[in-house]
Amino acid sequence: MKNLIRQRILLLATFLVTIVLMSSCQKFVEIPAPVGQLSSVNTFENDATASSAITGIYSRLSESPIIQSITPLNGLYADEIINFTDSYQSEFAISQLSLNSSPAINANLWNSGYQFIYQANAAIDQLFLSQSVSPELKLHLSAEARFIRAYIYLSLVNLFGDVPLITSGNYQINMSKARSPHQEVIGFIVADLEFAITHLPEQPAVEKIRADRYSAMALLARIQLYQKNYETARQLSNTVIESKKYSLVTDPSRVFLRNSSEAIFQLYPTKVNQNTPDGLTFLPASSTEVPKYLLTVDLLNAFEPGDLRKTSWTMTRSYLGQNLTYPAKYKVLNTSALSEYLVLLRLSEQYLIRAEANINLGNVTSGISDINLIRKRARQAPSPLVKDPIPELSLQLDRESALLALEKERRIELMLENGHRWFDLRRTSRANTVLQQLKPATWKTNATVWPIPIEQIRLNPFLTQNAGYFN
Amino acid sequence: MLATLCLFTTLQSQGQITVTGQVRSQSNGQPLAGATVSISGTTLSITTAENGTFTIRQVPPQGTLQISYTGYLTAIRPFSAVKNKLHITLEDKDNALEEVKINAGYYSVKDKERTGTIVKIDAKTIANQPVSNPLAALQGRVAGLIITQRNGLPGSDFNVQLRGRSSIQSGTSPLYLIDGIPFPSETLAQNSAIFANSPLNTINPADIESIEILKDADATAIYGSRGANGVILITTKKGKEGGIAADFRLSGGIGSVTKTLELMNTQEYLQMRREAFVNDKVSPTNANAPDLLLWDNNRYQNFPELLTGGTSKTQNAQLRLSGGNNSTTYAFSANYYRETTVFPGDNGLARKDASINLNHRSPNKKFSFNLSGSYGISQNNLYATDLTGSVTTVPNAPTVYDGDEKLVWVDQGVSFANPFAGLLRTNSFKGSRFNGNFVMGYQFIKGLEFKISTGINTNNINQTSLTPIAAQNPASSPTGFASFADNLVENFSVEPQVNYTLKTKSSGEISFLVGSTFQGTSSRGTFTSASGYTNDLLIGSIAGALTKDPTNTVSEYRYQAFFGRVNYNLHSKYLINLTGRRDGSSRFGPGRQFANFGAIGAAWVFSQEEFIKEKLGFLSFGKIRGSYGITGNDQINNYQYLDSYLPTTAYGGQSGLFSTRLFNENYGWENNIKLEGNLELGFINDRLRMNVGWFRNISDNQLVSYSLPGQTGFSSVLQNLDAKIENQGFEFEVNTVNFRTNQFNWSTSANLTIARNKLLAFPGLAASSYATTYFIGLPLNTVQGYQYTGISPQTGAYQFQDSNGDGLITIADYQKLGTSDPSFYGGISNTFQYKGLSLDVFFQFCKQKGTDPVYGSAALVGSRVNVLKVLIDRWTPENPDAQYQAYSQASSGPINTSRLLIRTSSASFADASFIRLKNLAISYSLPYQLISKIKIKSAKIFLQGQNLWTISPYKITDPESQSITALPPLRMGTIGIQLML
């Protein structure tokens, strides 16, 4: 009997020891790496996944809020469109942004923009650290990341003025950075693009949906023009034009097609059932639906008689006796068959950059010839009604008139394309003159930059607000 | 000798009487068959017959009867020659403090000897309420526990919070265990705008024996890292000894919304619209005012009534069999429940489940096991959105259906969003749940027992959300789209444990418990969104879609612990309880996985002291107890310590990867330090019992997704914060037996909680992203907003105080308006019993502030949406003292600006206190004489009501759900019958 008890106690003791031993064993709580996710180290371990990390940035950029919203918001804020049914953006239409618009600016522009800056920064950091990605690919991929970073920073600076200059993936440093002067940011992105021009290939791998050397050059030409570095801008745009890799499409209605010969850089559509965000934004959802945005009367009147672009790039629908004209550079609303890609850079803009640089450099004649090239493409066949459709501009124009003609040409040619019109009004300091006239009741001279979203100022006490806005 | 015998016989024959009677259960009035009836001081004893009756012949003319029955308190009744027909009711053991055993999870404890704070809700309280979710049955009944129903849909989710919000961001829901196995309480739905898929809704309330709520450190520390938010133990019903008993219950009921929104009629609406245009100096055009100019101005459709005015129907059928002998008991049950919505149509929830329970103890009582399993399937067919959100459709909008019962989309050339299209956008949840649990015990020697408890549960949710072509405006030549989600969560748990109890006569009883937990959860899910269906008949099939986008998720969670308890009990007078746990969780990075938790609890039952017994005789029970300890919280997502690149949509045929989160590998457990003091008193043989408790919980090392400015590329990163949050409060519980006679019983129980939440410390708050959300010394749920100062006599717009005097109304003018935490809450329940008739009345009350449904609502009053009727009292030059501002339809201008501001202002922070007749239950047990003829043991008819009546200053909608876009909880009435064979 005693023996039995002893045996049982022994059994129990063994059991207890087992429990204690098992408990102190950490193995049980170690779980395998999650399925379908890669750590940053794994991602930049080999050429294939490192390339995917850059491809992923393009993919997400193509469906990003910043790419989608810049065109309609800038269009409203400047003088291109009015919102016909979408009332929540009405503050943009009157160019008076209050607290109400802050969430939209925050989500669509600020957060979305900085998301891509982080992705580019993280990729550049990781590529630098990686031991196993081939050196050549490293340079190529970081050049692509720098191109994207520069593109986004340019948009942010154009919208907000001074912005925080984030250059690495370390959130502990980045979270309390204050705004840097916009000149510093511009300097940074110029360096990025110069790096990109050096290290990007001459030919893109597939279609024109990844940045190549000429995309970087074309973007840098734009920046140098904005910076009034006319000589550099002229040289860069000239190189792009003279490369003969691109040509103006004869029929304006075919400019925005997939692989258009005029396109320098396009985004491949990644959203289900969609070609371009612009198509989805501007085209009415059905044959009976009213368009969300209409061209302003001012813009409609700016088209000269016989301008093919009016018929090619806008559409008109009759609704309850009213004629409603809406933007239609992109004509595909929603289908999974891909025929249109969103164009971020195209040759026509390079001609206009070269023109503007030349006029400012005193070569008014060469400038006007470039503008005439663009006008020629838009010219309708003469008809009894319009005998001389958009005539050639005189080469004898003085500098002032030439610049005004150029502004007008840019307005039409680049209308509702990635926010050009608003950025042009800003950089040429014409915003006050033009918008004061169009929106006398609401336009304020300090409104040439948009407010920093209040949400961000609350999250980062080091951020300051632009003058004249809520705090 | 002969004489003596003779004398005795004489005496006996002289006084011999016959005593007859019937024994019934007090709780349900059922006759008790097999109860032992004995005459005190003799060996005379008899068991009651099938119908509970007994007859004892040849007994002395005076004496006492002792009546006993398993599971009931033994009763003693005098009898005499005059009083020889007795109706005896036995009180359930559960109802008496003395014998009540409280389940504390790993161990159980006598109620009088517990050192921790544990509240028990019994099966009867649950059965009295016509609810489908066990959580609904707890509302208002437990001090310190706030349960809010999110909406009135079948299968609605509940928000549960015990003793306040203790975490800035991690989960605040308690740990749920069903028969010891953790049960996931978070919804498994992957994509839903409709909050009606609480997993707990798959548990049949009728299968529950009791629910114990563990509150303080002493009770919860043994659950270590998962105990910070409290623990809710659900114990299922086991078989009872005795012959086979069948219990059949059938009920049916109806429900309707507690309050239908009262919106403007067509006349009032059109008047509002016209006035808005006049105010804005804008002329209505066909484009901006088709409702005024094109649509029939005399048409009126009452959308709140059409969409939410219906009646929900419930049906419930239950069958339960149980029985066994003193070594083996068994129970089986099956249940069917159906509940429809108040929306048009008969969509709704249908649930079927079955359970089995087998319990065995070897004849020498050394070996025992318990096997229980339950399986349930449910289908909840609802809509993609809560249709309540569409009641603000313009009242003179086109008639929703045309002559051919087809949805109307266009009237006079103007499109309109038909709210009835929502009925075609279905969202259905198909769920199945299995719970299996096996516990085996072996007693080595007296006092030393080994036990192993193993269990698995699986939860599967299949969600299909369909938007057919018919639900969309045909003008846009739409195609159908759908989403299909499938989620499976599997849990396993193995818990070996050893108990040792040493009893000595002089130095008390000491017991030890050590055990270990191995637990794992693996989840996997697939989600497919499919679009481009060209025919509505194809829409249920994934293959039929033109494009499909499938994704899947897989995750693992492992959890391991070592726990122990030492309890010392000296003469049931002095008690000390020590518990501890070492926990490891895979949710933390390497080196951060393990942490220790523990608590000490002590109690002094002073009523056991001789001097108290002498001096304070009226005091039948008195106990002071207290506890202190530390628990943790690991309610965060898996793998957060890793950074992660996820695949993107292919770009030009190439695959992409995108970084999806920032990571921090150094975060660790969130701690919650709990302190508790408690006084329990019983007077007049415990006919009056009261309990006053004070608690203070301080949680620190807050684990938060720390909000980051967008410039970092992300909105947050997970990290520990040194913030300290205090929850402090008093809890009162009173139970009285006001009346107790053989015929009539009346008892009352009430609870009251007064608690407050406070942020004690937050280093670096001013420079953090929380600077404008949280404030030292104030509750976490502090509500801020503008100070409303009235309506401007010039513009007719709401005005606010410009606190900083900068001439602008900005968030710098925010003032602290109060907290959305209730200042006190509780419930009062009264139970009356007269013979077979029983009445339960339960009131829930809550003193709180919430969002005003008028000021806090989103609409621009004057735009093309219908609004609440009360808004007729708007500002006009003729009505300068109006409650609400002037009408306007312009999306810019002072009226619209102040509309946005008033939503976060003192005006929209209104009193939402309420007293609600939460539950009313009447039951009648048919007299035995009536039912004995049809050979059934008992028959009961019952009538139950939920949310019957509410008194509240919060008039427009329900003060609990506080939303005009979500369906409020329903008022339910049920009638049913219960038969026992």
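See above for the structure.
Predicted model only: the values in this text are computed from it and were never measured.

Trainee: What is the right way to read the packing of aromatic side chains from this model?
Mentor: Aromatic ring pairs are reported here in terms of the distance separating the ring centres and the angle at which the planes meet. Residue and element names in this part refer to chain A. This structure, assessed with the given rule, holds 47 aromatic pairs over all chains. Seen in terms of ring centroids, Tyr-153 and Phe-188 are 6.3 Å apart; in terms of plane orientation they differ by 90°. Their pairing is edge-to-face. Of the two residues, Tyr-153 sits in helix α7 (residues 135-160) while Phe-188 sits in helix α9 (residues 182-199), which places them 35 residues apart along the sequence. Judged by relative accessible area, Tyr-153 falls into the buried class, the value being 0%. For Phe-188, a relative accessible area of 21% puts it in the partly exposed group.

Trainee: Where do I start with the interface of chain B and chain A in this structure?
Mentor: By convention, interface size is frequently given as the accessible area that disappears when the constituent parts associate. Taken together, the contact pairs 81 residues of chain B with 86 residues of chain A. Taken together, the two surfaces of chain B and chain A that pack against each other cover about 6800 Å², and 65% of this comes from carbon and sulfur. Our count for the chain B to chain A interface comes out at zero salt bridges. Here the side of chain B that touches chain A is composed, by residue class, of 41 nonpolar, 35 polar and five charged.

Trainee: Would you mind going over unusual backbone geometry with me for this structure?
Mentor: Of all residues except glycine, most have a negative phi; of all peptide bonds, most are trans. At Asn418(A), a residue that is not glycine, the phi angle is positive and equals roughly 55°. Locating Asn418(A) in the fold gives a position in the loop between α17 (399-413) and α18 (420-427). You can call Asn418(A) buried: its relative accessible area is 11%. Despite not being glycine, Ile684(B) has its phi angle at roughly 45°, a positive value. Summarising the element assignment, Ile684(B) is placed in the loop between β34 (670-683) and β35 (688-700).

Trainee: Just to check I follow, could you spell out the sheet that holds strand β7 (residues 85-90) of chain B for this structure?
Mentor: Through backbone hydrogen bonds, the strands of a sheet pair up, either in parallel or in antiparallel fashion. All names here are of chain B. The three strands lie next to each other as β4-β1-β7, forming an open sheet whose pairing is mixed. This sheet does not close on itself; its edge strands, each paired only once, are β4 (53-59) and β7. Between one strand axis and the next, the sheet turns through 25° on average, direction left out of account. Summarising the sheet, strand β1 (residues 17-25) and β4 pair through five bridges and their orientation is antiparallel. Bridge pairing in β4 places Gly-21 opposite Phe-54.

Trainee: What should I look at first to understand the pattern of salt bridges in this one?
Mentor: Oppositely charged side chains can form a pair if their charged atoms are brought close together. All names here are of chain A. Tallying each qualifying case throughout the model produces 57 salt bridges over all chains. Glu-413 is the salt-bridge partner of Arg-309, the closest N and O atoms lying 2.8 Å from each other. With Arg-309 in helix α14 (residues 308-313) and Glu-413 in helix α17, the pair connects residues that are 104 residues apart, well separated along the chain. A relative accessible area of 1% places Arg-309 in the buried class. Of the charged contacts in the structure, one is a salt bridge between Asp-424 and Arg-410, with a shortest N-O distance of 2.7 Å. Here Asp-424, found in helix α18, pairs with Arg-410, found in helix α17; they are 14 residues apart in sequence, far enough to count as distant. Here the two residues Asp-424 and Arg-410 agree in accessibility, since each one is buried.

Trainee: What is the right way to read helix α11 (residues 230-242) of chain A from this model?
Mentor: Helical periodicity: at 3.6 residues per turn, an α-helix aligns residues three or four positions apart in one direction. Residue and element names in this part refer to chain A. Its 13 residues give α11 an end-to-end C-alpha distance of 17 Å, which sits within 8% of 18 Å, the value for a rise of 1.5 Å per residue. Inspection of α11 places Tyr-230, Ala-233, Leu-236, Ser-237, Val-240 and Ile-241 among the buried residues, and these make up the whole buried set. Buried residues in α11, looked at end-on, bunch into an arc of 135°, giving them a common side. For α11, the elements touching its buried residues are α9, α10 (213-226), β2 (263-267) and α15 (347-360). Trailing α11 by a residue or two, Lys-244 shows a phi angle of about 60°, which is positive.

Cut-off values and rules
Residues numbered from 1 in each chain as written. Chains lettered and ligands numbered in written order. Predicted model: local features only at pLDDT ≥ 70, side-chain atom pairs only at ≥ 80, totals over all residues. Heavy atoms only, no water. Phe/Tyr/Trp six-rings, centres within 6.5 Å; stacked < 30°, edge-to-face > 60°. Helix = DSSP H or I, 4+ residues; strand = E, 2+ residues; numbered from the N terminus. Buried < 20%, exposed > 50% of the residue type's maximum accessible area, 1.4 Å probe, protein only. Contact = heavy atoms within 4.5 Å. Buried area = accessible area lost by both parts, 1.4 Å probe. Salt bridge = Lys/Arg side-chain N within 4 Å of Asp/Glu carboxyl O. Nonpolar A, V, L, I, M, F, W, Y, C, P; charged D, E, K, R; others polar. Pairing = 2+ DSSP bridges. Axes fitted to C-alpha atoms, helices over the stretch in contact; angles between N-to-C directions. Expected span 1.5 Å × (residues − 1). Arc of directions from axis to C-beta.

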